[in-house]
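Descriptive analysis of the structure
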Amino acid sequence: MAAAASSNATTLLKDELDIVIPTIRNLDFLEMWRPFFEPYHLIIVQDGDPSKTIKVPEGFDYELYNRNDINRILGPRSSCISFKDSACRCFGYMVSKKKYIFTIDDDCFVAKDPSGKDINSLQQHIKNLLSPSTPFFFNTLYDPYREGADFVRGYPFSLREGVPTAVSHGLWLNIPDYDAPTQLVKPRERNARYVDAVLTIPKGTLFPMCGMNLAFDRDLIGPAMYFGLMGDGQPIGRYDDMWAGWCVKVICDHLGLGVKTGLPYIWHSKASNPFVNLKKEYKGIFWQEEIIPFFQSAVLPKESDTVQKCYIELSKQVKEKLGKVDPYFDKLADAMVTWIEAWDELNPAGGSAKLANGKA
Ligand SMILES: O=c1ccn([C@@H]2O[C@H](COP(=O)(O)OP(=O)(O)O[C@H]3O[C@@H](CO)[C@H](O)[C@H]3O)[C@@H](O)[C@H]2O)c(=O)[nH]1
Ligand SMILES: [Mn+2]
């Protein structure tokens, strides 16, 4: 009988989880999330003009970093943190001192389930992270650890313990996370389909990770959650989370960690401009036909037994195999190394997850 995650999981992680929000606007959306987010510490990464004041509603416990802070804290290594792109959010992962991260966009509101009840997305992510994943053998009745479900007949008992869950990837009602070409041909399409399921993504399968509604175990996979170089001065955008997801999945498969997708939903309130998005995405749309086979065939040696070692090894392979696609990948491979250097400097081995909140 698979054990369901503890029902009071949310309160258990109140002091072990940070909520990371990238933003260029005031954070009024937090009012809607107050019942679910107020007990947690927020890390707000202010993108764009650092002289602009971001208004945060009263009553939230937060730390806020703008570009001046990022440059001050990281020095020359701040070059690995994107500017004028939501990819900047990964700075929040780096400065956090907690074991878990939940990241959400400021245009993502509380969704309602089919019964009309507000969805506590944070609680569902916590349940997903606190229960094992099953990447080695697919359970056809979805999440076996969920109340009212279990492993089905024929599921090997030797695999029923599952593996630790590193990532919980949530979905979106209303505006789906479509690429620009799809947005352009289906401008009025809205996602109204609430699928009541959580799935482990099988080992050996990549997936398009969206950063809009995402949670992860920072101790298990944090150093691989680098949202690649996008935005100002970069040839592509809107591939930051995708890049992180491909690196994360290859490393999770190598280290025997699990990635889940499905519940929880958020309500994505607005579509970004498809023409602006097309300009950001277009090189990525053909580059990814080379990038995906690269990740599908990436092999990490057994000596790569930590996330950092895996990530550095991946960066070497990126430089060697993708550098010929475009010089951007040389730059990205270097930025991957800079990210790890910065991560390790701010998170001395074994020390970071135990400390309280506070400015880095
Ligand atoms: O320059 C910027 C622009 C935006 N932000 C903050 O990032 C998130 C997402 O912004 P927005 O909702 O406007 O854009 P989307 O296209 O819906 O974003 C999704 O596409 C992916 C792009 O990489 C991303 O993973 C998804 O989030 C908001 O919080 C903005 O305030 C920013 O920081 N800098
Ligand atoms: Mn959005």
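Within each chain, residues carry numbers counting from 1 in the order of the written sequence. Chains and ligands are labelled sequentially in the order written, the chains with letters from A and the ligands with numbers from 1. For this predicted model, a pLDDT threshold of at least 70 governs which residues receive local features, and a threshold of 80 or more governs which side-chain atom pairs are given and counted, while totals over whole chains, interfaces and linings are taken from all residues. Remark: hydrogens and water are excluded; side-chain values derive from all non-hydrogen atoms of the structure.

**Thoughts on the UniProt feature "site: Required for activity" (unreviewed entry) in the protein chain**
Note the following rule: UniProt positions are given in the numbering used here, feature names are shortened, and annotations may be inferred rather than shown by experiment. Going along the chain from the N terminus, every DSSP run of H or I of four or more residues is numbered as a helix, and every run of E of two or more is numbered as a strand. For the exposure calls, accessible area comes from a 1.4 Å probe over protein chains only, and a residue counts as buried if that area is under 20% of its type's maximum, exposed if over 50%, partly exposed in between.
Under the UniProt annotation, the feature "site: Required for activity" (unreviewed entry) is placed at Arg-153 and Arg-160. Residue position: Arg-153 is located in the loop between helix H5 (121–130) and strand S6 (165–174). On the basis of relative accessible area, Arg-153 is assigned to the exposed category, the value being 83%. Looking at the element boundaries, Arg-160 is found in the loop between H5 and S6.

**Some remarks on the layout of surface pockets**
Counted only if it meets this: Buriedness of a pocket was judged along seven lines, with at least five required to meet protein on both sides within 12 Å; pockets are open sets of points on a 1 Å grid over the protein atoms alone, cavities are sets where a 1.4 Å probe fits but cannot get out, and lining residues have an atom within 4 Å of a point. Grid points are joined across faces, edges and corners, and a volume is the space filled by probe spheres set on the points. Nonpolar residues are Ala, Val, Leu, Ile, Met, Phe, Trp, Tyr, Cys and Pro. Charged residues are Asp, Glu, Lys and Arg, and all others, Gly as well, are polar.
Estimates place the volume of the largest pocket at around 1100 Å³. In this structure, the largest pocket is lined by 44 residues; those nearest its centre are Ser-86, Asp-105, Asp-177, Arg-238 and Ser-272. Tallying contributions element by element places helix H9 (residues 274–297) first for the lining of the largest pocket, with seven residues. Tallied by class, the residues present in the lining of the largest pocket amount to 19 nonpolar, nine polar and 16 charged.

**Looking at the coordination of the manganese ion (ligand 2)**
Applicable threshold: Distances up to 2.8 Å from the metal define which N, O and S atoms are donors, and 3.2 Å serves for Na, K and Ca; water is absent from the atom set, so sites may look incomplete.
Distances from the manganese ion (ligand 2) to its protein donors, namely Asp-107 (OD) and His-268 (NE2), fall within the range 2.0 to 2.2 Å. With Asp-107 in the loop between strand S4 (100–104) and strand S5 (108–109) and His-268 in strand S9 (residues 258–268), this pair connects stretches of sequence that are 161 residues apart. Judged by its relative accessible area of 7%, Asp-107 is buried.

**Comments concerning helix H11 (residues 327–346)**
This is how it is decided: A helix is expected to span 1.5 Å multiplied by its residue count minus one.
With 20 residues, H11 extends 29 Å from end C-alpha to end C-alpha; this agrees with the ideal 28 Å at 1.5 Å per step. Taken together, the buried positions of H11 are occupied by Tyr-328, Phe-329, Leu-332, Ala-333, Ala-335, Met-336, Thr-338, Trp-339, Ile-340, Ala-342 and Trp-343.

**Focus on empty space enclosed by the protein**
Applying the stated criterion to the full structure yields two cavities of 30 Å³ or more. Of the voids in this model, the largest cavity is the one considered here, and its volume is about 80 Å³. What lines the largest cavity is Pro-132, Thr-134, Phe-138, Asn-139, Tyr-142, Asp-143, Pro-144, Val-198, Leu-199, Thr-200 and Lys-260. Ranked by residues supplied to the lining of the largest cavity, first place goes to strand S7 (residues 198–200) with three residues. Roughly 50 Å³ of volume is contained in the second largest cavity. Lining the second largest cavity are Met-230, Ile-236, Tyr-239, Trp-243, Trp-246, Ile-291, Tyr-328, Phe-329 and Leu-332.

**Quick word on the side chain of Asp-143**
For the record, the criterion: Charge counting follows a simple rule: Lys and Arg are positive, Asp and Glu are negative, and His as well as the terminal groups are ignored. Salt bridge criterion: a side-chain nitrogen from Lys or Arg within 4 Å of a carboxyl oxygen from Asp or Glu. In this analysis, two residues are considered to be in contact whenever any of their non-hydrogen atoms come within 4.5 Å of each other.
Mapped onto the secondary structure, Asp-143 falls in the loop between H5 and S6. Buried within the structure, Asp-143 lacks any salt-bridge partner; Lys-260 is the closest side chain of opposite charge, at an N-O distance of 4.5 Å. The contact partners of Asp-143, leaving out residues within four places of it in the chain, are Ser-131, Ala-149, Val-198 and Lys-260.

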